[in-house]
Amino acid sequence: MRTDKNTDDMRDMSHQAFAEFGSSNLVYVKPVIARDVMDDLSDEEDQQITAQITDETVLYALHAADGVRLALAGDRDLAFAAARQNEMTPVSVH
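Only a predicted model underlies this, so the values are computations on that prediction, with no experimental measurement involved. (Residues numbered from 1 in each chain as written. Predicted model: local features only at pLDDT ≥ 70, side-chain atom pairs only at ≥ 80, totals over all residues. Heavy atoms only, no water.)

Provide a residue-level description of the sheet that holds strand β2 (residues 58–63), including the pertinent values.
If you walk across this open sheet you meet the four strands as β3-β2-β1-β4, and the pairing is mixed. Each edge of the open sheet carries a strand with a single partner, namely β3 (69–73) and β4 (89–92). In this sheet, neighbouring strand axes are inclined to one another by 30° on average, regardless of whether the strands run parallel or antiparallel. Alignment of β2 against β3, held across four bridges, turns out to be antiparallel. Counted as the bridge partner of A61 is L72 from β3. Together, β1 (26–33), β2, β3 and β4 form the strand contacts of helix α3 (residues 76–85), whose direction differs from that of β4 by roughly 150°. (Pairing = 2+ DSSP bridges. Helix = DSSP H or I, 4+ residues; strand = E, 2+ residues; numbered from the N terminus. Axes fitted to C-alpha atoms, helices over the stretch in contact; angles between N-to-C directions. Contact = heavy atoms within 4.5 Å.)

See below:
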């Protein structure tokens, strides 16, 4: 039976390496509730909220393949536009 070296290499990948495989420009866009990300909306120095939104506001988070949140946007179209403007390929996560 013939085995492909690339296939064997992929089987030996760590979970982290697999999560990052081929996705350096791929970002995931998903809706989040503002109350769940309020800590990220405050100014680090004086802890003042820099955005005027309610706790129930739906925002859109852009995540790297490894799960790190890269940005928050006020609506889905803006999140997709920001990703494309930064030469990333956005995909929806429901």
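Help me get a handle on the nonpolar core, residues and values and all.
Burial of nonpolar side chains together is a common tendency in soluble globular proteins. Counting residues in each nonpolar core, the largest one holds seven residues, listed as V27, V29, L62, A73, A79, F80 and A83. Of all the secondary-structure elements, those providing two or more residues to this core are β1 and α3. When residues of this core are assigned to their parent elements, the largest contribution, three residues, is made by α3. The contacts of A73, once residues within four sequence positions are left out, are L59, Y60, L78 and A79. The next biggest cluster of nonpolar side chains, apart from the first, holds five residues, and it includes A34, V37, L59 and A61. (Core = buried A, V, L, I, M, F, W, Y, C linked by side-chain atoms within 4.5 Å. Buried < 20%, exposed > 50% of the residue type's maximum accessible area, 1.4 Å probe, protein only.)

Explain the pairing of β1 to me, and be specific about the residues and the numbers.
Sheet topology note: the β1/β4 ladder contains four bridges and is parallel. Bridge assignment links L26 to a residue of β4, and that residue is T89. Relative to β2, β1 runs antiparallel, the two being bridged by six bridges. The partner of V29 across the bridge, within β2, is L62.

Please provide a residue-by-residue account of the environment of P90, values included.
Within the fold, P90 resides in strand β4. Considering only alpha carbons, one finds P90 and F80, ten residues apart in sequence, at a separation of 5.9 Å. Each residue touching P90, except ones within four places of it in the same chain, is listed here: V27, V29, F80, A83 and R84.

Explain the pattern of salt bridges residue by residue, including any values.
Under the counting rule described, the total for this entry stands at one salt bridge. When the shortest N-O distance is used, the salt bridge between E56 and R35 registers 2.3 Å. Of this pair, E56 sits in the loop between β1 and β2 while R35 sits in the loop between β1 and β2; the two residues are 21 residues apart in sequence, bridging distant segments of the chain. A relative accessible area of 52% places E56 in the exposed class. Take R35: its relative accessible area is 44%, and that puts it in the partly exposed class. (Salt bridge = Lys/Arg side-chain N within 4 Å of Asp/Glu carboxyl O.)

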